[in-house]
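Examining the three-dimensional arrangement
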Amino acid sequence: MPINRRIYMMDFKDITRNTIIDLNGFSKTKVDKEYKFFFDETGNVRIFKLTDKGFNNNENTNFILGGIVSEREISKQQIDTLFSAFKMSKNLPEIKFKSFKGGSKNFVDLLKNKNFQALLDWILKNNIWIHWASMDNFYYSTTDILDSLNLTGHINQSELFVYKSLIYRSLKMNTNRAIAIFLRNGYPDVNNNKRFIKSILKCIKDFRSSPLSNSFYPNLFEKNNIFDNLIQIFNQSSINNLPFLTKNEEKKLIDEYNLIYQQRMVLFDKSSLYFDHELNVEREISKKTNIYDLQNIKFQFLESTISKAKQNNEFVSEEKHKSIQISDCVVGSLGMFFEFLNINVSTHIIDTSNWNTGQKETYKKWITVLKLSKSENKAFTNYINDEFFVNKIESLIN
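First, a word on what this report is: a plain description of the structure on this page. Predicted model only: the values in this text are computed from it and were never measured. (Residues numbered from 1 in each chain as written. Predicted model: local features only at pLDDT ≥ 70, side-chain atom pairs only at ≥ 80, totals over all residues. Heavy atoms only, no water.)

Pairing is antiparallel in the open sheet, where three strands are placed in the order β3-β2-β6. Looking at strand neighbours, the two that pair on one side only are β3 (54-55) and β6 (252-254), the edges of this open sheet. Against the sheet, helix α7 (residues 137-147) engages β2 (48-51), β3 and β6, with an angle of about 110° to β6. Taken strand by strand, helix α9 (residues 175-184) contacts β2 and β3, and its axis lies near 85° from that of β2. (Pairing = 2+ DSSP bridges. Helix = DSSP H or I, 4+ residues; strand = E, 2+ residues; numbered from the N terminus. Contact = heavy atoms within 4.5 Å. Axes fitted to C-alpha atoms, helices over the stretch in contact; angles between N-to-C directions.)

A few words on the sheet that holds strand β4 (residues 62-70). The pairing of strands in a sheet comes from backbone hydrogen bonds and takes either a parallel or an antiparallel form. Strands sit in the order β8-β7-β1-β4-β5-β9 across an open sheet of six strands; the sheet is mixed. Both outer strands of the open sheet, β8 (298-302) and β9 (381-384), are each paired with one neighbouring strand and no more. Between one strand axis and the next, the sheet turns by 20° as a mean value, whatever way the strands run. Alignment of strand β1 (residues 36-42) against strand β7 (residues 272-276), held across four bridges, turns out to be parallel. Within β7, the position partnered with F37 by the bridge is L273. Helix α13 (residues 258-267) rests against β1, β4, β5 (129-136), β7, β8 and β9 of the sheet, and its axis sits at about 25° to β4.

Moving on: the environment of A133. Position of A133 among the secondary structure elements: in strand β5. The residues touching A133, leaving out its near neighbours within four places in the chain, are F63, I64, L65, I260, R264 and N382.

What follows is the structure in structure tokens.
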């Protein structure tokens, strides 16, 4: 299931930048602004695949590409102020999320972290925003199921999203069962179409009758309508040919993330974009520079450690390299937050009853940062996640 097969990721030879803007309802005026973007990533497992014991990585961990963004150059004085506020060794060659988070094991712990609090205060004081592109590996790995059924051409994009989310949640309800189905059928190179589709349909029906489904679909009429329609699609589809579930490498679900990088480059082609080094991505992008007209886009891959950047003759400025370090802390924080939401996605209210006053105040600041960023530019956010996860975040920041 190579990622470049996905319509979601958009092959930019065929789908123009303006189409991306129109499809997502972005403001072209805002997308055309000349921002300064800084990027790092978290959750890059290089390859997401099945093993005989399950997934090779935690399925609740998202891949996230993101960081900080500003309209103005971020000054050395601003950077120095933040680094002085961090409670960690001043002798570190660079600030990484691992040292930034200290003993924080999850997002609730992070809300007590002094470095996280200092970062939020700095972002808010300096009118800086954050940006992110997120992908749920497990969700993305299931989307070819519906795309392979021959009735999807009669369904609009909004309905596709709803039904793909339902299939995903039906499988995620019992991950071990889903993995067993995948392994038995050679997924994503399915070796028995009839058996595979029958197994997926059974998962959907079992999810429908489970109490868990009611938390996702509290409106009984809406729930019955969605489930009935999806089951009808399965029953009426020819399963002789599942085009996206054949001629794939067995067990390999995702083998690259570089198109997420390219999407940001092409979308924000008026801005300056600074990425932390990621050699696999750089190698793939170098092959496609002419294809996607990337040579006219102002992007650079940089070493975030200043001493290494100087050693490699790629030093730009102290503030730019350190802005990538800050972006590592931002995406690490986003990763913890998204994992927290993923685990609690079916609950409609975040339970803060066991949080202390400081945690509640820090959480309010965090949500304010997300809201202000989304308000500045809707295109700062991008999701390849199911509808319930996206709706959970959007309900918090809209």
